Amino acid sequence: MVHELLPTLNALQREHGYLPLAAMQRYAAASGLSMARISAVATFFSRFRLQPQGRHRINVCVGAACHVKGAERVYAAFRRALGITGTNDTDADRLFTVDKVACLGCCMLAVAVQIDDHIYGWVEPADVEQVIRDFLAEQARKPRAVAAAVTAADAAEIRVCRCSSCRASGAGAVWAALSEDISAHGLQVRLKDVSCTGQSYSAVQLTVAAAGMTFHYNRVQPADVPAILHGHFSPDGALAKWRWQAHGAIDAIYRGDRCPCQESKPDAFAEKQCRVVTEGSAENSPADLAEYRRHGGFEAFIQSLAQSPDEVIDRLVQSGLRGRGGGGFPTGMKWRLAHDAPGDCKVLICNADEGDPGAFMDRMLLESFPYRVIEGMLIAAALLPAKMAIMYIREEYAQAIRILEKAIACCEAEGLLRLLGGDFQLRLFTGAGAFVCGEETALLASIEGFPGIPRARPPFPTHAGLNGLPTLINNVETFACVPWIMRHGPAAFAALGTSHSAGSKTFALAGKIQRGGLIEVPMGISLRELVFAIGGGVADGHDFKAVLIGGPSGGCLPEALLDLPVDYEALTQAGAIMGSGGLVVLDERDCIVDIAAYFLRFVRDESCGKCTFCREGLNQLCDMVEELTRKSDSPHPEAFLDEIQALAEDIQRGSLCGLGRTAPNVVLTALRYFRAEFVAHLAGQCPAGKCVELTQFEIGDDCIGCTKCAQHCAADAIAFAPLEKHVIDQERCVKCGVCRDICPQHAIAVRAATVNAAAVATPAAAAPEAIAAASSSSSLPPSSPASVSHAVIVLDGRELPFVTGGTILSHAQHAGVSLPTLCHHGECQPQARCMVCAVYDLQLSRFVPACETRAVAGHAYESDCERVARFRRRALELLLNRHDFRCGSCAKRQSCVLLDLVKRYGAKKRHRPQLTNERVELASGLVIEPDKCVLCGRCVGLAAQLGLPMGFQQRGVRTHVAAALGVAWDDAVCDTASARALADICPVGALHMAKAAGKDGVE
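Model, not experiment: these values are computed from the prediction.

Trainee: Could you clarify how one ought to interpret the overall build of the chain in this entry?
Mentor: Scanning the chain from N- to C-terminus turns up 38 helices and 29 strands. For the chain, the spread of C-alpha atoms along the three principal axes comes to 100 × 75 × 60 Å. Per-residue burial for the chain yields a buried fraction of 59% across its 1003 residues. Long-range pairs, those at least 24 residues apart, make up 72% of the contacts in the chain with a sequence separation of at least 6. Carbon and sulfur atoms form 51% of the exposed surface of the chain, whose accessible area is close to 39500 Å². Measuring between centres, the 99 positive side-chain charges of the chain sit 3 Å from its 108 negative side-chain charges.

Here it is in structure tokens:
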């Protein structure tokens, strides 16, 4: 049921640090898989390397929270410290490889850096060399003494969380110091590893539980351990007591009057928690199954075995629980669809592929409450019933993986899994670095051993998911809610939150915020309360500017909207989405245009590369926004912003999956609420001082000559002048902004440029009551769906008999209606890549590819109207962005399908591509010209049928057609018949026979 390709490649990567070609070829021979398929998967996922790496791997997190804290500067600092230059990523000694990672799930510790399995938090460029030294010293250090286990039931406890984020704050070192002192002095104290409170800003947190009382300490360092122990414990025996007192006296002399280990009091962050999925934080041990069961764990699962599926589903429906992964689909309805789907063999999947930059909810839940998630999964598995349950988790979450492996093994040993039948399996499946695999159908494709490319819906996974079996997929937090609802009743859950968004929700607070961490609050709470009451407002006395909510698919909301309730409908109306719950705060030093460009780069690189609007559209949109961040000799007019918005809206309407349709959200909300900042960039100024080419810093009269700016300037652009006003050498300044961030007087500011004052004014945001009206506006006129009988579909006003399973294209062809096609070809499977055959679905209010989309009974479609023609024209223009349009020298200038369509729809080339002028002529007579390829996929489909070792490789805008790894093109297409078949099926001049080449000419 689970294909072994991805697990095998993950194992090879772990063993060798890269994917050796010979090992992949051996696996191909043993498994019978083609090298083309293995190559497609190996190059699609970002975790996999095809070249050896250093002994240790440094991953610098460049997620949203880390980006706004200067992740790029930290990445550059690691490269400088290790002497890595050019395109290299490994130092000369091959000790370290330095890379970027989309998110480590430690956003509240930005900038986070991972070296092998060690995570470091709050890393700044000046810290880099010390981080490397600390890591190497830790590698050489001998293991410390471990405190003997204390088994007495009434023994005192010291509780410390050692989740990934707490470890990054130093929990491992604190734990080691505790263990060493407890062991050395024979203290009767039990060290307990506990779940996280989410209060990362206070880490390391330590709780002493003794004699029925608890004492809490925040921000504990290893040096604080002796004082804490001396304040609460004493060993038995006279000699031991004397040694203990002497140890305390020496420690007190060392500390002097400083005693940082004062007991802490609860703050608003802790007091406003509404704990449902985080119930028992700081008390229960994450991997202790017996303790989980003592507190009622798995009682809901046991009870559900005696209940009918309808009873369980009804309780979920009554609770109002909606999917916590971002879509907000009613959970009870989804479970009912999966239960009612025909078939005896069903599958359950927990989607823990948390890839949103700025989100870390799933990681913390899995590391702290693994049994709660597993119990929710088992309740669902019993209801379906399912033969297999799969936990799909990010490879970057190494600690969560280890905890889950132990938790699953404990459940098996306890016999909990056998309660679902002797053949039931619960399996952990590790991804390999692809944000798009958070989309359900892309996740399924990767489990089946294919690249994570989303599929057309319908059919939906609940009816035809993994290997065509009915499959229920929910995310981590959704499953974690279920046991609480079953134990406390649906009414208790529904009483939390709002009428349409019930229950509690976890949020990851990060960015420029005073108190960062994981918070669980009732749905419907306002953004203002989240940011200011709970998060403590903006850090370091800076001004609030915006909040990013929902990750790359979310939106950028201004201060005027902080009173919005956090629920699904309100955020959608504001142009954002809740997503999984990531929330990143920005201050006045953050540039909205830079943030929009950052997220567009992310979604562009994470696109699967299948459809034109996502692959080419996001690439063009990213280029357009990035243009605004650079100095230009010929500035764009303000109409350029309208072009950005129009393209973003077309991408929303034309992309095939949720990633593409929501990818423009950040830029669209930024334009709506911060348009003045975009206008300022058109005029050549970045008001926030973030865009290097548009920024110039100056030191004002508030400078006190503290020299901090000079000490931290890596470019030596500020002379060291104690007690004097400092001056920035503009020739040397690299505009990194470190001086401004470090200045205690806020004396460094962006020099004002001579631009229109209105252009740089603080952007006005729409009032909350105006949001709904604004969000419903569109550059296309709205259409009302027709009332259609479920026995037919309607195409351009004409009723056609509905054929179950038929595509819209096949319905049109049977009726004699001609639809344009480019990627589709009768001799190979539908590709749905070009979107030239798109029709407009009036019920869904979006464009769908006719060649791949199954017609839905009762739906009405438009194929012959201005809106469809305009959309097809845009699709063709996006394809032309990557196409060498020098038709005069093209071998297929007389039979080019693309050229015919361009003429038909009046498409124009908007951007000239960067050409490689590569031309490969094979011995078989086939000529390959990559510059002309539009990635229609016809040749790939035919090659699969012919068994040729070639196919798509990589993803996003880097997607290309290539021979399989280790195979030369001449060996991939070695016979004339195959070469001619490929040349014939190519609709453009990318593949043609050498003898068919025309004379060189000009366009």
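Trainee: Looking at this structure, how should I read helix α38 (residues 976-985)?
Mentor: Think of an α-helix as 3.6 residues a turn; residues three or four steps apart then line up on the same face. Within α38 the residues assigned to the buried category are S978, A979, L982, A983 and I985. Contacts from the buried residues of α38 go to β26 (926-928), α36 (938-946), β27 (950-953) and β29 (991-993). Between the side-chain oxygen at the start of α38 and the backbone nitrogen of A977 there is a gap of 3.3 Å, and the oxygen is on D975.

Trainee: Would you take a moment to explain the nonpolar core for this structure?
Mentor: One recurring pattern in soluble globular proteins is that nonpolar side chains are buried together. If you look at the biggest cluster of nonpolar residues, it comprises 202 residues, and the most contacted ones within it are L9, F78, I158, L178, L206, L557 and I644. Ranked by residue count, the leading element in this core is helix α24 (residues 592-606), at ten residues.

Trainee: What is the right way to read the environment of C974 from this model?
Mentor: For C974, the position within the fold is in the loop between α37 (969-972) and α38. According to the relative accessible area criterion, C974 is exposed, its value standing at 57%. Separated by 51 residues in sequence, C974 and A923 place their C-alpha atoms 7.0 Å apart.

Trainee: Can you walk me through unusual backbone geometry in this structure?
Mentor: Glycine aside, a negative phi is what most residues show, and trans is what most peptide bonds show. Note that the residue after A203, namely V204, is joined by a cis bond; omega there is 10°. Following the sequence through the fold, V204 ends up in the loop between β6 (189-194) and β7 (206-210). Between P458 and P459 the backbone carries a cis peptide bond, its omega angle lying at 0°. The phi dihedral of R219 falls on the positive side, at around 50°, and the residue is not glycine. Position of R219 relative to the elements: it lies in the loop between β8 (213-217) and α9 (225-232). Residue classification places R219 among the partly exposed residues on the basis of a relative accessible area of 48%. Residues other than glycine seldom take positive phi values, yet D796 does so here, at roughly 55°. Here D796 lies in the loop between β20 (792-795) and β21 (798-801).

Trainee: Sorry, what's going on with the UniProt feature "domain: 4Fe-4S His(Cys)3-ligated-type" (unreviewed entry) in the chain here?
Mentor: Here the UniProt-annotated "domain: 4Fe-4S His(Cys)3-ligated-type" (unreviewed entry) positions come out as residues 867-906. Secondary structure content for residues 867-906 is 57% helix and 0% strand, and the end C-alpha separation is 14 Å.

Trainee: Explain the packing of aromatic side chains to me, please; I cannot follow it from the model alone.
Mentor: When we look at a pair of aromatic rings, we describe it by the centre distance and by the angle of the planes. The final tally for this structure, using the stated rule, is 17 aromatic pairs. Measuring from ring centre to ring centre gives 5.9 Å for F532 and F544, while their planes differ by 55°; the resulting arrangement is tilted. In this pair, F532 sits in helix α22 (residues 527-534) while F544 sits in strand β15 (residues 544-549), placing the two residues twelve residues apart along the sequence. Taking relative accessible area as the criterion, F544 reaches 11% and is therefore assigned buried. Members of the aromatic cluster, joined through ring pairs, are Y292, F298, F301 and Y371.

Trainee: What should I look at first to understand a nonpolar patch on the surface in this one?
Mentor: Taken together, I302, L305 and L419 make up a surface patch of nonpolar side chains, about 240 Å² in accessible area. Looking at the secondary structure, you find L305 in helix α13 (residues 299-305). When its relative accessible area of 38% is taken as the criterion, L305 is described as partly exposed.

Trainee: Please clarify how the packing of helix α26 (residues 639-654) against helix α29 (residues 675-682) should be interpreted in this entry.
Mentor: Helices that pack against each other are described as a pair by the angle of their axes relative to one another and the distance between those axes. Where α26 contacts α29, the two axes come as close as 10 Å, and the packing angle between them is 125°. When the axes of α26 and α29 are compared, the pair comes out oblique. Here the hand of the crossing between α26 and α29 comes out right-handed. Note on element contacts: α29 touches α26 through R675, F678, V679 and L682, opposite F640, L641, D642 and Q645. Of the residues contributing to the contact of α26 with α29, the split by class is five nonpolar, one polar and two charged.

Trainee: Hey, could you run me through the sheet that holds β15 in this one?
Mentor: What holds strands together in a sheet is hydrogen bonding between their backbones, with the strands either parallel or antiparallel. Read from one edge of the open sheet, five strands run β14-β13-β17-β15-β16, paired in mixed fashion. The open sheet is flanked by β14 (517-522) and β16 (555-558), the only strands paired with a single partner. Each adjacent strand pair in this sheet contributes to an overall mean axis angle of 30°, direction not counted. Note: β15 against strand β17 (residues 582-587), five bridges, orientation antiparallel. Looking across to β17, one finds that V547 is bridged to V585. Packed onto the sheet, helix α16 (residues 361-368) meets β13 (504-511), β14 and β17 and runs at close to 115° relative to β13.

Trainee: It is not clear to me how the sheet that holds strand β5 (residues 156-161) should be interpreted in this structure. Could you clarify?
Mentor: With mixed pairing, the four strands of this open sheet are ordered in space as β6-β5-β7-β8. For this open sheet the edge positions go to β6 and β8, each flanked by a neighbour on one side alone. Neighbour to neighbour, the strand axes of the sheet diverge by 20° on average, direction disregarded. When β5 meets β7, the two strands line up antiparallel, connected through four bridges. Bridging across to β7, R159 finds its partner in T207.

Trainee: Would you explain the pattern of salt bridges in this entry?
Mentor: For side chains bearing opposite charge, pairing can occur when the charged atoms are close. Taken as a whole and judged by the stated rule, the model has 53 salt bridges. In this structure, K505 and E477 form a salt bridge, with 2.9 Å as the shortest nitrogen-oxygen distance. One end of the pair, K505, is in strand β13; the other, E477, is in helix α20 (residues 476-488), and 28 residues separate them in sequence. Accessibility expressed as a relative area gives 0% for K505, which makes it buried. Judged by its relative accessible area of 1%, E477 is buried.

Trainee: Would you take a moment to explain the side chain of E367 for this structure?
Mentor: Structurally, E367 is set in helix α16. In this structure the side chain of E367 is engaged in a polar contact, spanning 2.6 Å, whose partner is the side chain of S164.

Trainee: Please explain the confidence of the model for the chain as it appears in this structure.
Mentor: Regions with low pLDDT carry predicted coordinates that are not meant to be interpreted in detail. On average, the chain scores 89 in pLDDT, and the residues at 70 or more come to 91%. Contacts for the low-pLDDT stretch residues 754-784, under 50 throughout, to residues beyond four places or in other chains number 44 contacts. Scored below 50 in pLDDT, residues 996-1003 shows 18 contacts in the model against residues more than four places distant or in partner chains.

Trainee: Even after reading the chapter, I still don't get the pairing of strand β11 (residues 425-430), so can you show me in this structure?
Mentor: Pairing analysis gives six bridges linking strand β10 (residues 388-393) to β11, with the strands arranged parallel. Considered in β11, the bridge of A389 is made with L426.

Trainee: Would you mind showing me how to read the environment of T90 here?
Mentor: You can see T90 is positioned in the loop between α5 (71-81) and β2 (96-101). Judged by relative accessible area, which is 12%, T90 ranks as buried. For T90 and H56, which are 34 residues apart along the polypeptide, the C-alpha to C-alpha distance reads 9.6 Å. When near neighbours in sequence (up to four residues on either side) are disregarded, T90 contacts R49, Q53, G54, I84, F96 and T97. Among the polar contacts listed, one links the side chain of T90 to the side chain of D89, at a separation of 3.0 Å. One polar contact links T90 to T97, side chain to side chain, over a distance of 2.7 Å.

Trainee: Looking at this structure, how should I read the packing of helix α14 (residues 309-319) against α20?
Mentor: Two numbers describe how α14 lies on α20: the axes approach to 10 Å, and their chain directions differ by 100°. When the interaxial angle is binned, α14 and α20 end up roughly perpendicular. Where α14 abuts α20, its residues V312, R315, L316 and S319 lie against V482, I485 and M486. Its residues assigned to classes, the contact of α14 with α20 shows five nonpolar, one polar and one charged.

Trainee: So what exactly am I meant to see when it comes to the pairing of β17 here?
Mentor: On a regular strand, each side chain points to the face opposite its neighbour's, so the side chains alternate between the two faces of the sheet. Burial analysis of β17 places six of its six residues in the buried class, which makes it a mostly covered element. What you see with β17 is no split at all: G582, V584 and L586 on one side and L583, V585 and D587 on the other are buried throughout. As judged from the four bridges shared by β13 and β17, these two strands associate in the parallel manner. Paired with L509 across the strands is L583, a residue of β17.

Definitions and limits used
Residues numbered from 1 in each chain as written. Predicted model: local features only at pLDDT ≥ 70, side-chain atom pairs only at ≥ 80, totals over all residues. Heavy atoms only, no water. Helix = DSSP H or I, 4+ residues; strand = E, 2+ residues; numbered from the N terminus. Buried < 20%, exposed > 50% of the residue type's maximum accessible area, 1.4 Å probe, protein only. Contact = heavy atoms within 4.5 Å. Areas by Shrake-Rupley, 256 points an atom, 1.4 Å probe, with all protein chains shown as cover. Lys, Arg positive; Asp, Glu negative; His and termini not counted. Charge placed at Lys NZ, Arg CZ, Asp CG, Glu CD. Polar contact = N/O pair within 3.5 Å; in protein donor to acceptor, adjacent residues only side chain to side chain. Core = buried A, V, L, I, M, F, W, Y, C linked by side-chain atoms within 4.5 Å. UniProt positions renumbered as here; feature names shortened; annotations may be inferred. Phe/Tyr/Trp six-rings, centres within 6.5 Å; stacked < 30°, edge-to-face > 60°. Patch = residues over 30% accessible without salt bridge, like charges linked within 9 Å, V, L, I, M, F, W, Y side chains within 5 Å. Salt bridge = Lys/Arg side-chain N within 4 Å of Asp/Glu carboxyl O. Axes fitted to C-alpha atoms, helices over the stretch in contact; angles between N-to-C directions. Parallel < 35°, antiparallel > 145°, perpendicular 65-115°, else oblique. Left-handed = near helix turned anticlockwise from the far one by under 90°. Nonpolar A, V, L, I, M, F, W, Y, C, P; charged D, E, K, R; others polar. Pairing = 2+ DSSP bridges. pLDDT = per-residue confidence, 0-100.

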